[in-house]
Amino acid sequence: MGDGVSRRGFLLRAGALGCSAAASPFVTPMSFAAAPWDNRLVVIILRGAMDGLDAVRPWGDRDFAAARPGLAATRDSALDLDGYFGLHPALADLMPLWRAGELAAVQAVSTPYRDKRSHFDGQDLLEAGGMSLEGGMKDGWLNRMLQGVPGITAQTTYAIGQENMILTSGAAPVSNWSPDVDLSLSAQGLRLLDLTMQDDPVLAAAMAEAVLLADSDGDAVVAEDEAGMMASMQGGATGRRKGHLRIADFAALQLRDAARIASFSIGGWDTHVNQTNTLTRPLQRLAEVLLRLKDGVGAEVWGKTTVVAMTEFGRTVRENGTRGTDHGTGGAMLLAGGAVRGGRVFGAWPGLAEAALYDRRDLMPTSDVRAWAAWAMRGAFGIEKSRLEGMVFPGLDMGDDPGLLL
Amino acid sequence: MGFDPIRAEMRFGCGLSPVIAPPKSVDDMLDGVLGRDPMAERFPITLFDTFRAWIVERRDIRREIKSTTTTDEARQEAAAKEKAFIRGVNDEALHWLRQAMQRRVQTRDGFRERLSAFWGDHFTAYGRGPVLKVATGPYLEEAIRPHIAGRFEDLLIAAVTHPLMLHFLNQDQSIGPNSEIAQKRSGRGLNENLAREVLELHTLGVEGPYTQGDVRQLAELFTGLDWTPAKGPLFRTGAVEPGAETVLGRRYGEAAGLGPVHAVLRDLARHPATARHIARKLAVHFVADQPDEALIGAMVAQYEATDGDLLAVYEAMLRHPAAWSAGASNIKRPIDFVATSLRALALPQADLGAWGAKRINRQLRRPLERMGQPWERPIGPDGWAEEDTAWATPQGMAGRLQWALALPELLQRDVPDPREFVEAALGPGAPERVRFAAKAAENRREGVALVLMSPAFQRV
C-alpha cells in the first residue's frame, strides 16, 4: 500500500500517536473555533444523595450530636472550617484548598423536588433543572445554558463517562467521551481502518477523533506488540488508574485545551447502612477528583475554574436503625476552584431542632440548589440573569448575588 | 431498483449470515412477520404478567426487614435473602438480553425482530425500583411483540394501557382533581405525562394539531387507568374525573370505564397526522434520515386506506423502489451493530447460551453502553435518536472498535479468516477497499474488526 492511501486521512498521524497528548500536534486540530469564554466550569453530579450533614458537619448546632450519636463524631480541630462547621475526615485532603480559599460549601440546599424522595426522579429534576418533572422537559440545564451562545462547538463541553446524562443532553453540541475506552491496534491496522473509511467523511471524522481521544487519555493506541495489545484490550490498562481518576485526568486535559465545561458523575452516596464505612469511599473519591483536577489543569487554568458538586437531595437528620441515613430533603453542595470565593460555608442554616426540620425529619432547605449553579454560571460566563431564570432554570428566583465567585 | 435479498437482510433484517439464507421476496418478508413466532418460542422471555409476582415477592421480603416484630437474626436473614433475590432478578434480565440477541442471530425472519425493536422503541417504557427497572423485556414481550403485524390502534392500546407504561409515565399517580379519591384525600392530582406523550410521541407527533387543552382533557380521560403488582392492570373508578372530556373536538367519557379510553386511542390512531407520523418514522428508521417523499406518501395512503393495518403499511414500504435505493443510508445502532456482527460470525446458539450473567454483562451489556446505547435505557420516553449524527460520535465509534477488536475473547474459538469473513458479512458486493483491508491486515483479529468497522458494514 502506497503512502498516497493514508495521506488524506487520520492515520498519517498514526506516527505521532503515542506521544503525550500535550506534546502531540494532533490534539490542537480538534479545537475548531476559539471558545467563547476563558473561564472553566466543572459540574459533578453526586448520584445517590450525598449526606450533606456528614460531609459538612454542623458541629456548632446543639441538636447535631443528639440526632446522630454514631455519626456526628467528636470535633476535630484539624477539620474545623469556620468554628461552626467541620469536614468529614475523608475530605481531610481538601483542607489546604479550604485554607487557600479554593473550597466552599453551601448548606441546606435542594431542588424543588419534594416528598417522594426517589433517586431517579430527584436526579432527573436536578439535571433537567425545572420546577417539576411534569411538562416533559427533555433537555438538561447545562445544555440549555449553551444553546444559542455564539462560538460553541462540541469541543466546548465534554460529558465524561459511560452514562447518558440528561444534564448535558439537548440541542447544543456536546462531546461525550468515556476514558475507559481502550483502543489498541497495530499501525498497519490503523492505516487500513483509515483506508476503509475514506469515502465516508461522517464515520471517518468520528473515528479520527475517537483515535485521537483514545490516544490522549492514557495508553497509546498503537501498541508496541501484540502481547501489549491483548493485555490492554483485556482491561490491563483500565486497572492501572481508577475510573474516577481517568475521568478527572481527561477532564483536565480537555479544560487545558479548548474545552470550557466538563461534567461527569460520581456514585456511591446512598448510605443507608453503616455510613461510617460506606460514606468514606465516595468522599475520598470526590477529594481525589478535585485534587487531580487542580493538578491536571495547572495553576493558571485552576485560577479560572469553578467546580460545582451537587446531589439530588440530602439525607435524614437522624440516624436510622442500621447506622446509616435514609433519603431526605435539604443537603449540601460543594464548590472548588481558584475562581471560587472559598473558605466559607454559604447558605442560611435552618438549625436541627425538630420543629425546624422539614416533615420533622429532614434538613429544611433554605435555598434552591439551582440558584447557586446559576450564580456560578453568571460569574463564570456572564450569562444574563433573565436567561438563567427563564430558560436555563425555568421558574427559578436567583435572589441576590451571593458573591460566590471572585 | 426493487427487492434484493442481500439488501433485504442488511437493511430490513438482522444482517447477513453464512449459515442462514436471506429472504426470497417481499412476500417472504411479510410472511415472516405473521403467524407463529418461532424465535419467541425458542428463546422465551418472561411475560410481564408473570414478572409482576417478583415485585410482590421483593416487597414481602422488604416488609419482613422493616417489620418491628422481626428479630435481629431474622432481619439479617431477610436482608441476605433480598440481596440474593435482587441478584437473581438482575441475572434474569441479562438472560433476556441474551435471548434478544439469540433471536437476532438465529432468526430467518429478521424483519420481525427489527419491527419488534422499532415498536418497542416507539413505545419506550422502563421502570424505577430494583425489580421494575428490568421490566422492559417482559413488557415488550407482552404488549408490543404480539401486535406488530395488526392494526396500529391495537398496538397503541396494548402499549399505552400496559402497567409498565402507566408506571413509566406516572399515569398510576394521576387522579382526577374532582374524583372520589381526591375528595377524601387531598395532595394528589392530575398528572399529564402519559397524555402528553401519547399525543406528542405515540400518535399525532410533536407537530400535530393538538393544544395544551387537549393534553389536559386526555389526561382527565385517562384517570382510572391503574395497576398493582399483585393484580396487574385495573380500572380505578374512584380516580376518575367526573364528566365528559373533549379531545380534538370529540366528546368522550360520559360514563367512566375503559371504553372511552379505548375509543379515544382508536380515534387518535386513525387520525391523518398519526398516519403521517408513523409512516415517516418507519421510513426514517429503515431507509434513510431524509426519506423519499413518494415513499412516505405510499405508506400514508395504505395506512389511511386500511385504518392503520401495519402489515399493509410495511408492504407499501417494501414494494416501493425508494426503499431499496443504494444511496444515502442509515448508520446501524449499537444493538444492530453487535447483533449483525455476531450473526455474520455465525455465533453458535450453544455458545451464547452457555454464557453466564457476568459474561453477558461484560461482553454485551457494557459494550452497548459504551457505544451509546445502554440496553433498554434510552434517556427519555422519546426513545433512541433516529438521526445518524447521534450515532457517528467519537465515543460511539471507539466503543464499536474496542468491541470489534476484543472479539477473540468473546468468541473463544478461532476467529474466521478475514478474507472469507468479508464475504459472509458483506456479501458479493463487498467494496474492493474492504476486501483489500481484510487481506492486508496483520492478523485475523484486526482483519475481522476492519470488516465490521467498514462503512459497508456499519451502514445499511
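This is a predicted model, so every value here is computed, not measured.

A short note on the overall build of chain B
- Helix and strand content of chain B: 25 helices and four strands.
- Its C-alpha atoms give chain B a radius of gyration of 24 Å, near enough to 23 Å, the size a compact globule of 460 residues would have.
- Projecting the C-alpha coordinates of chain B onto the three principal axes gives extents of approximately 75 × 65 × 40 Å.
- Residues classed as buried in chain B amount to 52% of the 460 residues present.
- The contacts in chain B between residues at least 6 apart in sequence include a share of 69% that link residues at least 24 apart.

Focus on the overall build of chain A
- On a plain count of helices and strands, chain A comes out with 15 helices and eleven strands.
- In chain A, which comprises 406 residues, the share counted as buried stands at 54%.
- Excluding contacts between residues fewer than 6 apart, the proportion of contacts in chain A whose partners are at least 24 apart in sequence is 76%.

Some words on the confidence of the model for chain B
- Looking at chain B as a whole, the pLDDT averages 95, with 100% of positions reaching at least 70.
- Across the interfaces of the predicted complex, the ipTM metric reaches 0.92, alongside a pTM of 0.85.

Side note on the nonpolar core
- Within the largest apolar cluster, 249 residues are counted, with the highest numbers of intra-cluster contacts made by Ala251(A), Met333(A), Met299(B) and Met317(B).
- Look past the residues within four positions of Met317(B) in its chain and what remains in contact with it is Leu282(B), Ala283(B), Phe286(B), Leu295(B), Met299(B) and Ala323(B).

Structural notes on the pairing of strand S8 (residues 305-311) of chain A
All names here are of chain A.
- When you tally the buried positions in S8, you get seven out of seven residues, the bulk of the element.
- Burial along S8 is two-sided: Thr305, Val307, Ala309 and Thr311 facing one way and Thr306, Val308 and Met310 facing the other are all buried.
- As judged from the seven bridges shared by strand S1 (residues 40-46) and S8, these two strands associate in the parallel manner. Bridge pairing links Ile45 to Met310 in S8.
- Here S8 runs beside strand S9 (residues 331-336); their pairing, made up of three bridges, is antiparallel. Bridge pairing in S9 links Val307 to Ala336.

Considerations on the environment of Asp180(A)
- By the secondary structure assignment, Asp180(A) is in the loop between strand S6 (175-177) and helix H7 (187-197).
- For the pair Asp180(A) and Gly218(A), spaced 38 residues apart in sequence, the C-alpha to C-alpha distance is 9.1 Å.

Remarks on the pairing of strand S2 (residues 232-235) of chain B
All names here are of chain B.
- Strand direction decides the pairing type here: strand S1 (residues 225-228) and S2, joined by four bridges, are antiparallel. Looking across to S2, one finds that Thr228 is bridged to Gly232.
- The antiparallel pairing of S1 with S2 creates a hairpin that spans three residues between the two strands.

Section: the environment of Ala348(A)
All names here are of chain A.
- Examined against the element boundaries, Ala348 turns out to sit in the loop between strand S10 (345-346) and strand S11 (367-368).
- With 12 C-beta atoms counted inside 10 Å, the residue Ala348 sits in the exposed group.
- Sequence separation between Ala348 and Gly243 is 105 residues, and the spatial gap between their C-alpha atoms is 35 Å.
- Excluding residues that lie within four positions of it along the chain, Ala348 makes contacts with Ala108, Thr366 and Ser367.

Notes on the interface of chain A and chain B
- At the interface, 38 residues of chain A touch 36 residues of chain B.
- Broken down by secondary-structure element, the contributors of at least two residues to the side of chain A that touches chain B are S6, H7 and helix H8 (201-216) of chain A.
- At eight residues, the largest contribution of residues to the side of chain A that touches chain B is made by H8(A).
- Partitioned by chemical class, the residues of the side of chain A that touches chain B number 19 nonpolar, 13 polar and six charged.

Considering unusual backbone geometry
All names here are of chain A.
- With a phi close to 55°, Arg117 is a non-glycine residue in the positive phi region.
- Structurally, Arg117 is set in the loop between strand S4 (103-110) and helix H5 (119-128).
- Overall, the presence of 19 C-beta atoms within 10 Å leaves Arg117 in the partly exposed class.
- Here the phi dihedral of Arg323 falls at roughly 55°; this positive angle occurs in a residue that is not glycine.

Quick notes on the domain arrangement of chain A
Residue and element names in this part refer to chain A.
- Splitting chain A by domain gives domain 1 (1-30 + 183-234) and domain 2 (38-180 + 241-392).
- Facing seven residues of domain 1, the contacting portion of domain 2 comprises eight residues.
- Here the side of domain 1 that touches domain 2 is composed, by residue class, of four nonpolar, two polar and one charged.

Here's the deal with the domain arrangement of chain B
Residues and elements named next belong to chain B.
- Considered domain by domain, chain B is made up of domain 1 (5-163), domain 2 (164-269) and domain 3 (334-458).
- A separation of 26 Å is found between the C-alpha centroids of domain 1 and domain 2.
- Residue-level contacts link 21 residues of domain 1 with 19 residues of domain 2.
- With six residues, helix H8 (residues 152-160) is the largest single contributor of residues to the side of domain 1 that touches domain 2.
- The residue inventory of the side of domain 1 that touches domain 2, partitioned by class, reads 15 nonpolar, three polar and three charged.

What to know about helix H19 (residues 357-370) of chain B
Residue and element names in this part refer to chain B.
- Taking 1.5 Å per residue as the helical rise, H19 with its 14 residues ought to reach 20 Å, and the 18 Å between its terminal C-alpha atoms agrees with that figure.
- Within the sequence span of H19, burial applies to Ile360, Leu364, Pro367, Leu368 and Arg370.
- Turning to H19, the residues buried within the fold contact helix H5 (72-106), helix H17 (334-344) and helix H20 (394-405).
- In the segment just after H19, Gly372 is the residue with positive phi, at about 100°.

Notes on the packing of helix H14 (residues 369-381) of chain A against helix H15 (residues 385-392) of chain A
All names here are of chain A.
- Direction vectors running N to C along H14 and H15 enclose 140°, while the axes themselves pass 10 Å from each other. Compared by their axis directions, H14 and H15 come out oblique. As for how H14 packs across H15, the hand of that crossing is right-handed. Between H14 and H15, the residues in contact are Ala374, Met377 and Arg378 and Lys385, Leu388 and Val392, respectively.

Some points on the environment of Gly187(B)
- Take Gly187(B): it is sitting in the loop between helix H10 (180-184) and helix H11 (193-202).
- When the 6 C-beta atoms within 10 Å are taken as the criterion, Gly187(B) is described as exposed.

Comments concerning the packing of H8(A) against H20(B)
- Here H8(A) crosses H20(B) at 75°, and the two axes come no closer than 8 Å. In terms of orientation, H8(A) lies roughly perpendicular with respect to H20(B). The residues of H20(B) that touch H8(A), namely those facing Leu203(A), Ala206(A), Met207(A), Glu209(A), Ala210(A), Leu213(A) and Ala214(A), are Pro394(B), Gly396(B), Met397(B) and Ala398(B).

Considering the confidence of the model for chain A
Residue and element names in this part refer to chain A.
- In the predicted model, chain A carries a mean pLDDT of 87, and 87% of its residues have values of at least 70.
- Counted against residues more than four places away or in other chains, residues 1-8, with its pLDDT under 50, gives seven contacts.
- This model gives residues 18-33 a pLDDT under 50, and the stretch forms 27 contacts once residues within four places in sequence are excluded.

What counts and how
Residues numbered from 1 in each chain as written. Chains lettered and ligands numbered in written order. Predicted model: local features only at pLDDT ≥ 70, side-chain atom pairs only at ≥ 80, totals over all residues. Helix = DSSP H or I, 4+ residues; strand = E, 2+ residues; numbered from the N terminus. Rg over C-alpha atoms; globule rule 2.2 N^0.38 Å. Buried ≥ 20, exposed ≤ 12 C-beta atoms within 10 Å, placed from the backbone. Contact = placed C-beta atoms within 7 Å. pLDDT = per-residue confidence, 0-100. Core = buried A, V, L, I, M, F, W, Y, C linked by C-beta atoms within 7 Å. Pairing = 2+ DSSP bridges. Nonpolar A, V, L, I, M, F, W, Y, C, P; charged D, E, K, R; others polar. Domains from an automatic or database assignment. Expected span 1.5 Å × (residues − 1). Axes fitted to C-alpha atoms, helices over the stretch in contact; angles between N-to-C directions. Parallel < 35°, antiparallel > 145°, perpendicular 65-115°, else oblique. Left-handed = near helix turned anticlockwise from the far one by under 90°.

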